[in-house]
Amino acid sequence: MRKVKSFVVVLLALGAFLLAGSAQARHAAIMIDAENGNVLHEIDATRPWYPASLTKVMTLYMAFEALSRGQIGLHDRMTTSSHASRQPQSKLGLRAGETLSVEEAILAVITRSANDAAVVLGEHLGGSEEAFASQMTAKARQLGMYNSRFMNATGLPNNLQVTTPRDLAVLAWKIMKNFPNYYPYFGSHGFFFKGRELHGINKFTARYPGAEGMKTGFTCGSGFNLMSSASQNGKRLIGVVMGGMTSAERYQLMMNMMDGGFSNRYGDGSYRNISTMTESMGGEPPYQLGCGNRRGITVASGDDNVPHASYHRPAAKHYQAHHRTRAASGYHRLAAGKTRSGKNIISKRGAKRGMTVAKNKRGGVTRVAKKTTGTKSKTAKSSVARKTVKKRSKSA
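Keep in mind that this is a model prediction, so the values were computed, not measured.

Thoughts on the sheet that holds strand E8 (residues 223-232)
Point 1. With respect to topology, five strands assemble into an open sheet ordered E2-E1-E9-E8-E7, the strand pairing being antiparallel. At either margin of the open sheet sits one strand with a lone partner, and together these are strand E2 (39-43) and strand E7 (211-219). If you compare each strand with its neighbour and ignore which way they point, the axes differ by 5° on average.
Point 2. Where strand E1 (residues 28-33) and E2 come together, four bridges link them in antiparallel fashion. What sits directly across from methionine 31, in E2, is histidine 41.

Structure representation (structure tokens):
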């Protein structure tokens, strides 16, 4: 009998451990009706979470407000500081002293999640990134985002930078209502910069019927985040998903949630409005994935700050491949026309001369190697030379 009791205790302990693990991995989400703010669906929507690159939506709110007040103009030139140029990936690769327009920065932040462009915007508006972050937090309070605090313009890891899915839904809603002239920027599929056409990374915006846009985000602490908006049959919805375990999962969670909202699976949400959800669940934000640095210090890279070396989850293969992939056949660009569904028409340019290209598994195009004429390329020669020097140094 004693052995049976001991066995039961062990099973209960194991069950508790497994439940704790599953709770850690559970995502948080919210979806609202953009017409009135009614909450159609939510999962732990007031739980603290690391915002990752969804932070940049607040950076853009500040930029849109400055534009609407006439403090800045879309074609104003901004100068890149040394601090901005040192930002980790994802970025445009701006050099200190280089300039870009306000509109170019907005498009770079939305389509490429460019950290350097976000910092240039923040410094231009606030004088320094630190001062700008304080302004972001103050503005969040004014908007009713009572459980959000910002420490930078990018969303790069900082343990003090927190938000909730509910607060981010409020932010998206306020942008839609307050800046109807600038809100359409979130639907951009790409833009032209420094002689190149750069295509967007948001698959929801590109693929979901009626998608209007918004923003992706990722850090090891936050997991894979997504803020989205879409319209179908006169109904407009806003959704936020935080903590997806893979990139594919965040998109699927969002699409399922949107499908449910448009099919009236969740009802009309008239019993609860987002403005009444002001209290936080409290506690520390979960550290969602087993990668990165839990102290909030990071060197990030790839699509929405996916680190190269330390990230080993299933989605890593795709994102590392994406970072290596550069469309040799040209970047997607917006054309003048639109389809009947309202989607921007996207076109491609021809392959660059002197390059061979091959399609990857996801239909992208990867630069393979320069064409040669029977002799070794410079890259190959330098590689052989390095190996020879290394061999000599070992023998010495």
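Let's pick the thread back up.
Some words on the packing of helix H2 (residues 55-68) against helix H4 (residues 102-112)
Point 1. Put simply, H2 and H4 touch, their axes get as near as 10 Å, and they point 155° apart. Considering their axes alone, H2 and H4 lie roughly antiparallel with respect to each other. Considering how the two elements wind past one another, H2 and H4 form a crossing that is left-handed. Of the residues in H4, those touching H2 at Lys56, Leu60, Phe64 and Leu67 are Val102, Ile106, Val109 and Ile110.

Some points on the pattern of salt bridges
Point 1. By the definition in use, this model includes eight salt bridges.
Point 2. With a shortest N-O distance of 3.7 Å, arginine 26 and aspartate 44 are connected by a salt bridge. Separated by 18 residues along the polypeptide, arginine 26 in the loop between helix H1 (2-25) and E1 and aspartate 44 in the loop between E2 and H2 bring together distant segments of the chain.
Point 3. The class of arginine 26 is partly exposed, set by a relative accessible area of 44%.
Point 4. Between arginine 69 and glutamate 65 there is a salt bridge; the shortest N-O distance is 3.5 Å.

What counts as what
- Residues numbered from 1 in each chain as written.
- Predicted model: local features only at pLDDT ≥ 70, side-chain atom pairs only at ≥ 80, totals over all residues.
- Heavy atoms only, no water.
- Pairing = 2+ DSSP bridges.
- Helix = DSSP H or I, 4+ residues; strand = E, 2+ residues; numbered from the N terminus.
- Axes fitted to C-alpha atoms, helices over the stretch in contact; angles between N-to-C directions.
- Parallel < 35°, antiparallel > 145°, perpendicular 65-115°, else oblique.
- Left-handed = near helix turned anticlockwise from the far one by under 90°.
- Contact = heavy atoms within 4.5 Å.
- Salt bridge = Lys/Arg side-chain N within 4 Å of Asp/Glu carboxyl O.
- Buried < 20%, exposed > 50% of the residue type's maximum accessible area, 1.4 Å probe, protein only.

Nothing here speaks to function; it is geometry throughout.
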